[in-house]
Amino acid sequence: QAPPPPPPPPTTTVVESADRAFVEMSIRLAGLSQADFLRSTTAEAAFALGLRRALGLATSDEVKVMGTTDRSSRRAAERALLAAAVEVKTEIVTDNITQATRIGQLALSSNFTASFNTELRAAGLNAIADPPTGVLAGTDAGKAEVAPLTTPAPTPPPGSCEPYPPPGNGSVSPVGSVRRGGTALVACDTGYAMTPRPNPAPVGTSTAVFPVVCTVASGFGVFPTCSACGRGRYAFGGGEYCDVCPAGAHQPATKATECLPCPADTFADGNGTAVCTSCPEKTGTGVLLPTGKTSRDACVCIPGYLTNTLQERQASGAFCRTCSAGLYYSASPSPSCFECPAHSQVQGQLVVLEDKKPVSSVCGCFQGYQLHAEACQPCPLGTFKANANNSACLACPLNSTTLGLNSTQQGHCICNAGLKRVALGASFVCENCPDNYYRSSQAADSPCIPCALGKFSVGGASTCTNCVNGFSTKSGVEGNECAACLPGKFALSGDPACVSCAKGSFASTSGASTCSLCDPGFSRADAGAVSCSQCGWGQFAAARGATVCLDCAAGKHSAESFKSTTCVDCISGTFMANPGQKAVVINGVEGCNACGAGTFSKGSASVCSDCPVGQFAGSSRSVSCTQCGQGRFASAPKSTECKACAYGAFNSGFGATTCKECPGGSNTTSQASTEFDDCKCSDGRFLSADSICMKYWAVGVQRNVPITSITAGGEWTKCYDEPYSVVSTKLLIRCSTKGASVGSSVFLFGARRATEDPETGYLEIAAMGATRASATNPLPLGTTEGGEWTSPTSGSTGTVFHNGVYWYLTQKAFGFSRNESVNLQDQDVSTLDCEHRMGFILGGSGGYRVGCTKDLVSSTEWNKVVYYFSGVPGR
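Procedures and definitions
- Residues numbered from 1 in each chain as written.
- Predicted model: local features only at pLDDT ≥ 70, side-chain atom pairs only at ≥ 80, totals over all residues.
- Heavy atoms only, no water.
- Pairing = 2+ DSSP bridges.
- Helix = DSSP H or I, 4+ residues; strand = E, 2+ residues; numbered from the N terminus.
- Contact = heavy atoms within 4.5 Å.
- Disulfide = S-S within 2.5 Å.
- Polar contact = N/O pair within 3.5 Å; in protein donor to acceptor, adjacent residues only side chain to side chain.

Trainee: Hey, could you run me through the sheet that holds strand β27 (residues 352–353) in this one?
Mentor: With mixed pairing, the three strands of this open sheet are ordered in space as β25-β24-β27. Unpaired on one side and paired on the other, β25 (336–339) and β27 mark the two borders of the sheet. As judged from the two bridges shared by strand β24 (residues 327–330) and β27, these two strands associate in the parallel manner. Bridge pairing in β27 places Tyr329 opposite Val352.

Pasting the structure below:
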């Protein structure tokens, strides 16, 4: 593969510069900024940079700048630069650089129309522009190509070139024919530049004036014209090319000799700008140095808007945002949104606080608030404000006020107490409430209210006053005047109505403030009474305020015939059977009924009590009954006398209901006997401890008793005779199976030696006693009073003394002794008075002891003997 061709050798462009001012103009035409010029090491370096841009040179081309002071060369260079900028062919005759630049600007803006000379004259410029030979608009201006116009030239003299045709908007020197080998200098007016570009002028010539050499063979060879600078470009003086407008400047016209700074709220961020770009919506360049901005960054949000962050811009697509609803914008101390002061709000949508204006110019006080000293303060009492602005609060109508501060409408105004609201057009007036009406409500539309029952008022009242005591509202209708209560009724101050007197009270006159209680002895059963009724006979009212008179209870009578305040107890010996019963008058004295003979009563009796048995009352009005005396009795209640005891009977006590009969076989010698001793046994019989007249009877424990002395009278029958070794039970010694008369017998218990004859021998020991045997107590022992005797199972008690003998009974033993100590333990071991002891075991064993002889459980030497009385008492 062949190696790449070598790069072309660099070319050298030589440009002569007249002075620093010309260099600066060249830089401006080339689109450089002042900063670009200042950054260059020399003015010549900046000029070379501008020319490189204007001529479109490659980076490898070399540009050399050589200074000169020749004025004509400088003019030629200016025109050459203008021609290069606007690319037009014309000729402008002028000796003034400023005028030349101005002419170039006019030429560029007018595009060399037919009226160009007229415009030059109007501008006061001493210049004549030949008709253009051709116009080729610069690319920046966007002009269409125009066919060049030719002007017939005179025939040149022999050996010379014809006169150089005018370039249009420029000048040629000399004007006539140029000799062979001579040079014609072509220069463009300001605002125009040379087109096409000629070859670089020889060294020592001005770049603003292009020399054209005349040759016989080809004539001049090149015929440049002066073309107008396009939009976004300018040429200060005729020159080789049109310079571009720098950033921050623009030129909307052609043939311009200068660039214009971007106006306010626009910017140009590049060179060659025809029209500056407007700042984005809602942005501008501010008020301080607002023109000539070179970047969009110079656009800031206009007052009333804040700059969005990058994230906010990406989200919303907007550069700026407004303040949120209810906030206003202020640039001081820095652009921001602010809340209105307390009790105020912004007025409008996009609210901007202008510099040095008070906040109240954008914030209006709420309804119910007014502006004072740049602060919104509540409307005071009695005023209101309906609109949200900074106007003052309005006063309520006369005699009205508001309930509180910051009222927002006239509807909040209320009439003062005692006055009512009456509409008057769009407003209202306050008028007095009528008599017996009042108004105290704080509601704006509350009416006058009739006074409640028991109250009254005069016109314009805020409250009602209680009627005085004894008065209340007339006819019982609210809003009426007060009237006196009728008799039988009363009212306290403020009572809603007159009230009927309660039962037990009365009011005899009208206008009563209270009712009087009925006096004691009087009553009233119905309400609303004007007087009370007195209590009748047999009734009473003890306290004041009785609703009824009470009947005196049974056993009592009223203290007085009428108006009685209490009841009196019946005296002893009298009675009152029914409540409220009329008293009995005896000898002019009121009292109760007398009790009859055989009855009596104590005080307050409702009935008379019958004299109990054993007592009597011989007359009426008895206060008590008398006991029957000794020897007498009363067997029936309500007795009027006591009877004497009959023969064979006696009574030793008082209050007897019967007389006691003498024992069988005995009698008394008279009636009304008072002692037992008055009973005498006949036929030599003895009165036993059980009050039985019998032929044999002995008291106490007996020793060595002949059996015949017991049986001789034929009144004793033996029912049990067994050895001590034989087991005895309660049932056996009861003798019920041997003919003993249960419930009426007297028994004799004893012991005899087995060797003794059971009929004629002796009982070693014996004792007699009465019995009251029964099925529940198999042992035939009992008390003289007839009650059954059941001895305890153990212990030192349980003995019964009868007929001079101590008897004992346990579950397993039975016996007797003359000594009181007779329980089982003592009976087993005691030696006290042992001769007078006897006992044997019941159930499981036989006898036990006879006198001092003991341990007879299995003995056959001794027999247990039981006799019972089988005779007829008194026989």
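Trainee: Looking at this structure, I do not really get the environment of Gly232. What am I missing?
Mentor: One can find Gly232 in the loop between β12 (225–228) and β13 (233–234). Put simply, Gly232 and Cys245 are 13 residues apart on the chain and 5.5 Å apart in space, counted from C-alpha to C-alpha. If near-sequence neighbours (up to four positions away) are discounted, Gly232 is found in contact with Asp243, Val244, Cys245, Gln251, Gly272, Thr273 and Ala274.

Trainee: For this particular structure, what's the right way to read the state of the cysteines?
Mentor: Here a disulfide denotes one covalent bond, and it connects the sulfur atoms of two cysteines. On inspection of all chains with the given rule, the structure shows 26 disulfides. Here Cys535 pairs with Cys549 through a disulfide, and the sulfurs are 2.0 Å apart. Handedness of the Cys535-Cys549 disulfide follows from its S-S torsion of about -80 degrees: it is left-handed. Residue Cys535 is found in the loop between β48 (533–534) and β49 (539–540), and its partner Cys549 is found in the loop between β49 and β50 (550–551); the two are separated by 14 residues along the sequence.

Trainee: Which parts of the structure should I look at to understand the environment of Thr401?
Mentor: By the secondary structure assignment, Thr401 is in strand β33 (residues 400–402). Taking the C-alpha atoms as reference points, Thr401 and Gly382, 19 residues apart in sequence, are found 3.9 Å from one another. Setting aside chain neighbours within four positions, we find Thr401 in contact with Leu381, Gly382, Cys396, His412, Cys413, Ile414 and Asn416. Within the local environment of Thr401, its side chain forms a polar contact with the backbone nitrogen of Gly382, the two atoms lying 3.4 Å apart.

Trainee: Can you help me understand the pairing of strand β36 (residues 427–432) in this one?
Mentor: Here six bridges tie strand β35 (residues 419–424) to β36, and the two strands are oriented antiparallel to one another. Within β36, the residue paired with Val422 across the bridge is Val429. Between the end of β35 and the start of β36, which pair antiparallel, lie two residues, with Gly425 showing a positive phi angle near 65 degrees.

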